[in-house]
Amino acid sequence: MSKNKQRVSSKSPKLDAIHTTFKQAFEIKKNPFPWIKALSAGIAAALPVFIGLLLGNFEYGLLAGIGGFSYLYVFNQPYEQRAKKIFFVMWGLSLSVVLGTLLAPYQLGTAIVMGIIGACVFFIFGALNITGPSAIFFVLSFALATGMPIDQSLAPLRGGLVLLGGALSWIICMLGWFFNPHGPETNAVKKVYSELAVFFDSIGTEKFNAARHSTVLAMKQAENTLLAGYSAKRSTDIFKRLFLLNEHANTMFLRALEISLNKKIVLPPELGKSVHALADSIGSKTKNKSRILQPEQVDKEVEDLFIKIYNADAVMNEPVKKIHKKVLISKHSLRTIFLGAFDKNSIVFLSSVRYGAILTIAAIIAYSAGFNRSYWVPLSCAAVMSGATIIATFHRAVQRTFGTIIGLLLASLILASVHNEFIIVIIILCLTFITELFIVRNYGLAAMFFTPSALIMAEYSAQSYDFGFLATARITDIVVGSFIGLAGSLLVGSRSASSLLSHFIAKTIRSQGQFLLMAFSENNSTLSFDESSERSKMQTNMVNLLTVYNTALGEIFKNKDRLESLWPVIFSIEQLGYYLNASLKYSDRPVLSEKELAQLLYVFETMAIAADKDQSPTNKTVPEIEGYSKIRNEILDLQEALQFRGGISS
């Protein structure tokens, strides 16, 4: 009896995990509705179809509507980056349709190329850290083309129509540039000052670490947004102000960290209020009159901090000609980014290979089994595997299955009862609008509406009107595709990220040690912020580490205790990376002696070895770094975090 109880209790944690995971798939998130984006997406999808209808060719309009998928890749990017991104997306969708048309007669070739398209696009989006639906709509465009009437001579025409639809999406997504050309950058910098104000208020409280982390994330996001929006050919006064404001925020943050180490200094509440006032002024067309004057009696360090706040205020309000500080922009080349991601241990590379391989297998199974409209099987597989983690993949499988069944019922109702092509255009607009509105809340809700939209475009483009047969065939295809995607992800990647964590922690710590050596050696004045290979290597390793850790958090039956013990390690590595990167912007860095540098390298190597072997490092002496005590303190924190982590078995 006791053995049976023991067996039940040993299984219950896994059963509970499955039950919880299944339940989470139906949770409705509380994200705000993106009304403007949803309406724009609806117009981008329906307008090409409407134009085709007006010109007397509804099928051509539906083909151009595939190009409208380009708009679904629009997020809150700077317009400089958005213009390039959507341009390449619309060409990519067009090329996918051309290849699908040419390869439609060859099933094996279709399966292989579908996998290659999925893997390549997945890799590019992952390496460039681009938010959005990744490879799914490239695979969808290719798949839809293979299901159209076979005529290879139509490849240029179909590709051209898709390109025209994409061009309309490009125009729609760039309209905001005429009204607020630096809107995304402004919002990013505004968020930095809001987080910085919260950070000032948190100093000396239990919320300090959380506020510090949020501020670093906001500043990193703002820096990435500003870099994405930078153009050497077209640098405006507004962009210069925003960039310098972000630089001032970085300076204030680092200075406040130094002050926080001195427990005797108390920061007045006026600091947080002043920065809050600055945040309210950024992007406002009316000058904010709420200014907080500093207290009469403050420490010299606090007074310097107020001066920095007033300097930031001057950057916002003074004429640009009076601002003499130069804007130094540093951007990694595409070659550097892709080489960093193209590594046998890179989670982006491994995930891309997995994505392409499983997609190819799904396509081969579908064609071999003789499914009607076989492309719906790999298409469902691609959608399910778009989840960032194994848990997310499971959620996608559940959401897509239930959402699609309801969506098919809706599609059958529409296709059976609506025969007016103008009404079909309105329906496509409404379905796309609702899809974009609900996808931020729950993927399953969105599936209820993008399923009928995609089916309308697919079936009319394929000139197939057997709508009664359509419902049962599509349900079978989607369930099989979802199962293949989920099974493949579980078999290939259920524990891959967890097994790579120790390696990436050690690799990142070593690169930080090498960076520190270069930054504080006797030749540090010749070290270029723009061309530092040590900085580039450290940044690449940090991106890979964070990707691996976030992926590991979503693995099935993960060692929860181990991953929780690693969070302080990841946190310290991320903070240390920020401090090291910020130090390179200042030319007056101290030169450490060879003995001090050797000791620092010894400390980093000891931590890296301990991390790689899941052991606890012994405490080592960390030399003082004049003016950069925050770096030394973070190294000490990292040592302590690794000691705690070493006590947790993997």
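Residues numbered from 1 in each chain as written. Predicted model: local features only at pLDDT ≥ 70, side-chain atom pairs only at ≥ 80, totals over all residues. Heavy atoms only, no water.

### Here we look at the packing of helix α5 (residues 107-127) against helix α14 (residues 347-369)
Rules: With axes taken as lines fitted to C-alpha atoms, and helix axes fitted only over the stretch in contact, angles between N-to-C directions fall between 0 and 180 degrees. Strands are runs of DSSP state E lasting at least two residues, helices are runs of H or I lasting at least four, and both sets are numbered from the N terminus onward. An angle below 35 degrees is read as roughly parallel, one above 145 as roughly antiparallel, one from 65 to 115 as roughly perpendicular, and any other as oblique. In a left-handed crossing the near helix is turned counterclockwise from the far helix by less than a right angle, and in a right-handed crossing that turn is clockwise. Basically, the charged four are Asp, Glu, Lys and Arg, the nonpolar ten are Ala, Val, Leu, Ile, Met, Phe, Trp, Tyr, Cys and Pro, and anything else, Gly included, counts as polar.
For the pair α5 and α14, interaxial distance at closest approach is 8 Å and the crossing angle is 155°. What the angle tells us is that α5 and α14 run roughly antiparallel. Of the two elements, α5 crosses α14, and the hand of that crossing is right-handed. Here the residues of the contact of α5 with α14 are counted per class, giving 15 nonpolar, nine polar and no charged.

### Section: helix α12 (residues 300-317)
For clarity, the threshold we go by: Take the residue count of a helix, subtract one, and multiply by 1.5 Å to get its expected span. Residue burial is assigned from relative accessible area. The probe radius is 1.4 Å, only protein chains are included, and a residue is buried under 20% of its type maximum, exposed over 50%, and partly exposed in between. Note: the arc covers the axis-to-C-beta directions of the helix. Residues are treated as being in contact if the distance between any of their heavy atoms lies within 4.5 Å.
In a regular helix each residue adds 1.5 Å, so 18 residues correspond to 26 Å; α12 covers 26 Å between its end C-alpha atoms and thus fits that length. Buried residues of α12: V302, L305, F306, I309, A312, D313, V315 and M316, and no others. Taken down its axis, α12 places every buried residue within 165° of arc, on the same side. Its buried side turned inward, α12 meets α8 (183-202), α10 (237-260) and α11 (270-281).

### A look at the nonpolar core
Formally: Here, nonpolar core refers to any group of buried Ala, Val, Leu, Ile, Met, Phe, Trp, Tyr and Cys residues whose side-chain atoms link them within 4.5 Å.
Y193, F199, F253, I509, I631 and I635 are the most contacted members of the largest nonpolar core, which totals 89 residues. With 12 residues, α10 is the single largest residue contributor to this core. Counting 77 residues, the second-largest nonpolar core is a separate cluster that includes V49, L62, A382 and A383.

### Digging into helix α2 (residues 35-54)
Rule in force here: Bend at a residue means the angle formed by two fitted axes: the first through the 7 residues ending at that position, the second through the 7 residues beginning there.
Along its 20 residues, α2 runs 28 Å from first to last C-alpha, staying within 8% of the 28 Å computed at 1.5 Å per residue. A maximum bend of about 30° is found in α2 at A46, where proline P48 lies one to four positions downstream. All buried positions along α2 are accounted for by K37, A38, S40, A41, G42, A44, A45, A46, P48, V49, G52 and L53. Looking at the buried residues of α2, the elements they touch are α3 (58-67), α7 (155-174) and α17 (421-438). At the C-terminal side of α2, G56 shows a positive phi close to 85°.

### Quick word on the packing of helix α6 (residues 136-146) against helix α15 (residues 376-385)
Where α6 meets α15, the closest approach of the two axes is 9 Å, and the angle between their N-to-C directions is 175°. Viewed along their axes, α6 and α15 adopt a mutual orientation that is roughly antiparallel. Two secondary-structure elements touch here, α6 through I136, V139 and L140 and α15 through L379, A382 and A383. When its residues are assigned to classes, the contact of α6 with α15 shows six nonpolar, no polar and no charged.

### Notes on the side chain of S70
Keep this limit in mind: Definition of a polar contact: a pair of N or O atoms within 3.5 Å, with one able to donate and the other able to accept a hydrogen when the atoms are protein atoms, and with sequence-neighbouring residues admitted only if both atoms are side-chain atoms.
Within the element layout of this structure, S70 appears in the loop between α3 and α4 (79-103). Among the polar contacts listed, one links the side chain of S70 to the backbone oxygen of G67, at a separation of 2.8 Å. Apart from the residues lying within four places of it in its own chain, the contact partners of S70 are I86, V89, M90, L93, G166 and S169.

### Focus: the pattern of salt bridges
This is how it is decided: The salt bridge criterion pairs a side-chain nitrogen of Lys or Arg with a carboxyl oxygen of Asp or Glu, the two atoms within 4 Å.
The tally for this structure, following the rule as stated, stands at five salt bridges. With a shortest N-O distance of 3.5 Å, K37 and E436 are connected by a salt bridge. You can see K37 sitting in helix α2 and its partner E436 sitting in helix α17, a full 399 residues away along the chain. Here K37 matches E436 in class, with each residue buried.

### Side note on the packing of aromatic side chains
Spelled out, the test is: Classification of ring pairs uses Phe, Tyr and Trp, with its six-membered ring standing for Trp, and accepts pairs whose centres are within 6.5 Å; under 30 degrees between planes counts as stacked, over 60 as edge-to-face, and the remaining range as tilted. In this analysis the charged atom, NZ for Lys or CZ for Arg, is taken to sit over a ring once it is within 6 Å of the ring centre and within 35 degrees of the ring normal.
Here the structure, examined in full by the defined rule, presents 25 aromatic pairs. Seen from their ring centres, F253 and Y578 are 5.8 Å apart, and the 65° between their planes marks the pair as edge-to-face. You can see F253 sitting in helix α10 and its partner Y578 sitting in helix α22 (residues 560-583), a full 325 residues away along the chain. Assigned by exposure class, F253 and Y578 land together as buried. One aromatic cluster in this structure is built from F199, F200, F208, F253, Y578 and Y579. We note K37 situated over the ring of F75; from NZ or CZ to the ring centre the distance is 3.7 Å. In this arrangement the basic side chain of R441 is found over the ring face of F33, its NZ or CZ atom lying 4.0 Å from the centre.

### Points about the confidence of the model for the protein
Residues shown with low pLDDT carry predicted positions that ought not to be read at fine detail. Using the following cut-off: Note on scores: pLDDT gives the predictor's confidence for each residue, bounded by 0 and 100.
On average, the protein scores 80 in pLDDT, and the residues at 70 or more come to 81%. Put simply, helix α1 (residues 2-24) is where the protein has its lowest mean pLDDT, 54, and α7 is where it has its highest, 95. In this model residues 5-11 is a low-confidence stretch, pLDDT under 50, and it forms zero contacts with partners more than four residues away in sequence or in other chains.

### Some remarks on the environment of G165
Mapping G165 onto the fold places it in helix α7. Given a relative accessible area of 1%, G165 falls into the buried group. Along the sequence, G165 and S94 sit 71 residues apart, while their C-alpha atoms lie 9.5 Å from each other. The residues touching G165, leaving out its near neighbours within four places in the chain, are P48, A64, G67 and G68.

### Description of a nonpolar patch on the surface
Stated precisely, the cut-off is as follows: To count toward a patch, a residue needs a relative accessible area above 30% and no salt bridge. Like charges then connect within 9 Å, nonpolar side chains (Val, Leu, Ile, Met, Phe, Trp, Tyr) within 5 Å. With residues, only the protein chains shown are counted as cover, and all accessible areas are computed by Shrake-Rupley using a 1.4 Å probe.
Where nonpolar side chains cluster on the molecular surface, the patch consists of F50, I51, L54, L55 and F422 and spans about 500 Å² of accessible area. Sort the elements by how many residues they give to the nonpolar patch and α2 lands first, with three residues. Tracing the backbone shows L54 in helix α2. A relative accessible area of 54% means that L54 is categorised as exposed.

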